[in-house]
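Per-entry structural report
The chain contents come next:
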Amino acid sequence: MDFISLLEKYLLNKMEENNYGLVIAPKDPTAFVLGAANELPKIVLQADGQWDAFLPEYEPQAEKFETCGCTVWGSQNALEILIKRITGIEPNYSERYNYILAEITCPGADPHYVCESIREYKVINQSKLPMMATLQDFLMPKPMDPSLIAEAGQWPYKLSHEWVIQGQDPEWKEKMIEALQYSPLAVAVYAWKKQGDLYVRPAGGRDGHWCVIYGYEYGKYWKCFDSYDHTPKKLAWDFGFQYVKRFHLDEKKNLPPEPNWLIDLIIRLLKLLKWR
C-alpha cells in the first residue's frame, strides 16, 4: 500500500467517532421489531446463544482501500454464520455485489437500508464478483449485471431481519440474550477503545461501526466478530448496545410462490383493454 493510500485510510478512519461506515437513519415504521406485534418467528437454533462453531472466513473490509462498507460486511457475516448453522456448509458471499446494489459511498450507509437491499437482491457467491485490488475496480459493474441479479434470484431463501434494539433500551441485555437463540446479531458499536482485555464505550461515545455479536460470557463480556481487523474482540458486559438486528431465513420451497410482477402487470393491462 503506497503512502497516499495509507493517508487516505488514516483520514477516513478518523472521521467522526472513528466511523467505519455506519450511518443511522430515521426509523422505518414498517420494520420488524422483537417483542412487537409484527415480530419475526422465534425459532431457537442455539439455545445457549453461542455461535462460535459457525464463524465465517475472515474477510477485511479495508485491506487495500477504504470501502466504508461495514454495514455490508457485518450483515453478511451474520448471515453466513446463520447459513452455516442451518446447512452445515460454510458459504462465502460477495460483499462487492451487495455493496454496489446498496449504492454505498463514504461515510457509509444505514444498516436497515442495507439489510433491505440484501433482502431484495439476495446474494451471490464470492467467486462471481470477488474483491479487487483497487476501489475503481471494486465499484464495477455499475449498473449491476442483470445476469448476476437473476442468478442471485435463485438463492433458496427468503431473508427477513428484525430490530432487537433500536435506541436506548433498559432491557437491552435481556433482549440480546433472547435473540442470540435465534441468530447471530449484527450490532452497532463504538470502535474502538480498550481497557485491559475488554473494549468499552467511553462516555458519550457514538456508534461508528457495524459488526457481529456471536455469543457471550454471562456477566463478563460479549463476543464480537469484526470485519475491520483480524482479531476476536471481547466487549464489556455493560457496553450499552443501541442498534441490534437479528435475521431469519425461510426456505423458498416451503413458502407460497412469490407473485411475478411482470405477469401481474400484463394481466392488469389485458383486463383494462377488455373493459374498454
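Described in the following lines is the structure provided in the data block. (Residues numbered from 1 in each chain as written. Predicted model: local features only at pLDDT ≥ 70, side-chain atom pairs only at ≥ 80, totals over all residues. Heavy atoms only, no water.)

Here we take up the overall build of the protein. What the protein contains, in helices and strands, is 8 helices and 9 strands. Per-residue burial for the protein yields a buried fraction of 47% across its 276 residues. Split by element, the accessible area of the protein, about 14,300 Å² in all, is 55% carbon and sulfur. (Helix = DSSP H or I, 4+ residues; strand = E, 2+ residues; numbered from the N terminus. Buried < 20%, exposed > 50% of the residue type's maximum accessible area, 1.4 Å probe, protein only. Areas by Shrake-Rupley, 256 points an atom, 1.4 Å probe, with all protein chains shown as cover.)

To continue, consider the pairing of strand β3 (residues 185-189). Summarising burial for β3: 5 of the 5 residues are buried, a large majority. Sheet analysis places β3 next to strand β6 (residues 209-217), joined by 5 bridges and oriented antiparallel. If you follow Val-189 over to β6, its bridge partner there is His-209. (Pairing = 2+ DSSP bridges.)

Glancing now at the pairing of strand β7 (residues 221-225). Within β7, 5 of the 5 residues are buried, which leaves the element mostly enclosed by the surrounding structure. Neither face of β7 is exposed, since Tyr-221, Lys-223 and Phe-225 on one face and Trp-222 and Cys-224 on the opposite face are all buried. Pairing of β6 with β7 involves 5 bridges; the strand directions are antiparallel. Following the sheet pairing, Tyr-216 is matched in β7 by Trp-222. What sits between the antiparallel neighbours β6 and β7 is a turn of 3 residues, in which Gly-219 has the positive phi angle 80°. Looking at chain direction, β7 and strand β8 (residues 233-236) are connected through 4 bridges and run antiparallel. The residue bridging Trp-222 from the neighbouring strand is Leu-235, located in β8.

Further remarks concern the state of the cysteines. Using the criterion set out here, one finds 1 disulfide in the structure. The disulfide partner of Cys-68 is Cys-106, and the gap between their sulfur atoms is 2.0 Å. Taking the sign of the S-S torsion, 95° for the link of Cys-68 and Cys-106, the bridge is right-handed. Of this pair, Cys-68 sits in the loop between β1 (32-33) and α2 (70-87) while Cys-106 is found in the loop between α3 (95-101) and α4 (111-121), placing the two residues 38 residues apart along the sequence. Owing to a relative accessible area of 36%, Cys-106 belongs among the partly exposed residues under this scheme. (Disulfide = S-S within 2.5 Å.)

Okay, the nonpolar core next. One finds Met-176, Ile-213, Trp-222, Leu-235 and Phe-241 to be the most contacted residues of the largest nonpolar core, which totals 64 residues. Listing elements by their share of this core, those giving two or more residues are α2, α4, β2 (157-166), α7 (172-179), β3, β6, β7 and β9 (243-251). Of all the elements, α2 adds the most residues to this core, at 8 residues. Of all hydrophobic cores here, the second largest spans 8 residues; its members include Ile-124, Met-144, Leu-148 and Ala-152. (Core = buried A, V, L, I, M, F, W, Y, C linked by side-chain atoms within 4.5 Å.)

On to the pattern of salt bridges. Going through the model one piece at a time under the given rule, you end up with 10 salt bridges. Taking the shortest distance from any N to any O, the salt bridge between Asp-52 and Lys-223 comes out at 2.9 Å. Of this pair, Asp-52 sits in the loop between β1 and α2 while Lys-223 sits in strand β7, placing them 171 residues apart in sequence. Across the pair Asp-169 and Lys-175 runs a salt bridge whose closest N-O atoms are separated by 2.6 Å. By sharing partners, the salt bridges in this structure join Glu-39, Lys-42 and Glu-178 into a single network. (Salt bridge = Lys/Arg side-chain N within 4 Å of Asp/Glu carboxyl O.)

This paragraph deals with the environment of Glu-95. Mapped onto the fold, Glu-95 is located in helix α3. Note: C-alpha distance between Glu-95 and Ile-124 (29 residues apart in sequence) is 8.9 Å. Look past the residues within four positions of Glu-95 in its chain and what remains in contact with it is Glu-59, Val-72, Trp-73, Gln-76 and Gln-126. (Contact = heavy atoms within 4.5 Å.)

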